[in-house]
Amino acid sequence: MPAPPVPSPSAPIPLLDLHPQNDPLRAEILAAVTRVVDSQQFILGPDVRALEEELASLFSLRHVITCSSGSDALVLALLAAGIGPGDQVAVPAFTFFATAGAVSLLGAEPVFCDIVPNTFTLDVAHLETLAPRHPRLKAVIPVHLFGGTADMDAVNGLAARHGWTVIEDSAQSIGATCRGRSCLSLGHMSTLSFFPTKNLGAMGDAGAITTADDALAERLFALRVHGSHQRYRHDWIGINGRMDSLQAAILRVKLPHLAFWATRRQANADLYRALLQETPLPVTTPVRHEFQTTHVWNQFVIRATRRDALRQHLAALGIGSEIYYPTPLHLQPCFAPLGYQQGALPECERACSEVLALPVHPGLSEADIATVVAALRAFYERSPRA
């Protein structure tokens, strides 16, 4: 039987298209921006505090401290935890660079951990074997990757036994839950990114830190303003990490739509899995683990044989994809002085050679997803070698 023709989309299918989210809100966003411009309150204005309160209310959080980016959120959380030179912080090696970069920026040392292959999140059993060899470990940063949470019961149990601070990296997972609880409330602190590609995206850089600890919150509010609660008095050494009012105003317009956008992502992920199961292919589709009671699918990441050739095939058809992440952090050139070698973290390394993110954004149609799946089938049926 001849292979089916390679599908050709009537229009490109980008990995992410923000127009379906932003265009319907254009008038409301412009009105919010105009309000800020007219107020002349561009830094820590009323919209910043209102956004903090609205996020806290939506996710039942005690404190939300907005800041200038998700990367700065990690730096601020580490500063609030007292992390500095000589300390060690455990991080998964399969994540965006900022998770480990923030640790090194403060003079501490990242201790890289392997991942659980079916969730792409920190392998707590592996971290437990590392703990006796790293007595300077003071904190752990579990990353809730691609919209699904790490196993926070396991993380918190190990951290409690060792006295570590737990800082959740929730940059990709706003709205996700672990065993029914928000990923913004499961550690001592949790960090968020509102980079435009995130499920709740600003129109520039923006971030936040959440915590239930009053003392940490007090410190974080100061640390984002050079460690100052009172003008020209500095109790700590902080950074210029404030969110600007324009981004806060835009995020307030978009926040009421977050839940709907998440349901669209979830429906898209479900459709991918259903269509991919109809014809077995040499790809592994992501699943929602039992403890991941709500997965919000910031990315839909498959594992694929001949991944790079598959990506070229999709690109030729106008279908966007991305490799998150091509190189594990322990093998990045800047971390070479730490002495990690190829093979040290095999699951991270295997993931980097196999993963491919497919479009899953809320603006996709069912026909778009069917076209992507048909393109996958055509690739493997035309060249079926393993």
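Overview of the structure. Keep in mind that what you see is a predicted model, and the values were worked out from it rather than measured.

### Digging into the overall build of the protein chain
Okay, so step 1: Per the secondary structure count, the protein chain includes 13 helices and 14 strands.
Okay, so step 2: Here the C-alpha radius of gyration of the protein chain, 21 Å, is about what a compact globule of 386 residues would show, namely 21 Å.
Okay, so step 3: Seen through its principal axes, the protein chain has C-alpha atoms that stretch 75 × 55 × 35 Å.
Okay, so step 4: Sequence-distant contacts, at least 24 apart, represent 70% of the contacts inside the protein chain between residues at least 6 apart.
Okay, so step 5: Of the roughly 16400 Å² of accessible surface on the protein chain, 54% is carried by carbon and sulfur atoms.
Okay, so step 6: Considering the protein chain, the positive charge centre built from 30 side chains and the negative charge centre built from 35 side chains are found 1 Å apart.

### Describing the sheet that holds strand S10 (residues 189-193)
Two pairing modes exist for strands in a sheet, parallel and antiparallel, and in both the strands are linked by backbone hydrogen bonds.
Okay, so step 1: Strand order in this open sheet of seven strands is S1-S11-S10-S7-S6-S2-S3, and the pairing throughout is mixed. A single partner strand is all that each edge strand has here, and the edge strands are strand S1 (63-67) and strand S3 (109-113). Averaged over all neighbouring strand pairs, the angle between strand axes comes to 25°, with direction disregarded.
Okay, so step 2: Pairing between strand S6 (residues 137-140) and strand S7 (residues 165-169): two bridges, direction parallel. In the sheet register, Ala139 faces S7, and the bridge partner there is Thr165.
Okay, so step 3: Against the sheet, helix H5 (residues 98-105) touches strand S2 (88-92), S3 and S7, its axis set at about 150° to S3.
Okay, so step 4: Across the face of the sheet, helix H7 (residues 152-162) comes into contact with S6 and S7 while running at roughly 155° to S7.

### Side note on the pattern of salt bridges
Side chains that carry opposite charge are capable of pairing whenever their charged atoms lie near each other.
Okay, so step 1: The full count for this structure, using the stated rule, is 20 salt bridges.
Okay, so step 2: Here Arg252 makes a salt bridge to Asp47, at a shortest N to O gap of 2.7 Å. Here Asp47 lies in helix H3 (residues 46-58) and Arg252 lies in helix H9 (residues 245-254), a separation of 205 residues in the sequence.
Okay, so step 3: Overall, the relative accessible area of 6% leaves Asp47 in the buried class.

Cut-off values and rules
- Residues numbered from 1 in each chain as written.
- Predicted model: local features only at pLDDT ≥ 70, side-chain atom pairs only at ≥ 80, totals over all residues.
- Heavy atoms only, no water.
- Helix = DSSP H or I, 4+ residues; strand = E, 2+ residues; numbered from the N terminus.
- Rg over C-alpha atoms; globule rule 2.2 N^0.38 Å.
- Contact = heavy atoms within 4.5 Å.
- Areas by Shrake-Rupley, 256 points an atom, 1.4 Å probe, with all protein chains shown as cover.
- Lys, Arg positive; Asp, Glu negative; His and termini not counted.
- Charge placed at Lys NZ, Arg CZ, Asp CG, Glu CD.
- Pairing = 2+ DSSP bridges.
- Axes fitted to C-alpha atoms, helices over the stretch in contact; angles between N-to-C directions.
- Salt bridge = Lys/Arg side-chain N within 4 Å of Asp/Glu carboxyl O.
- Buried < 20%, exposed > 50% of the residue type's maximum accessible area, 1.4 Å probe, protein only.

By themselves, these observations are geometric and do not establish any function.
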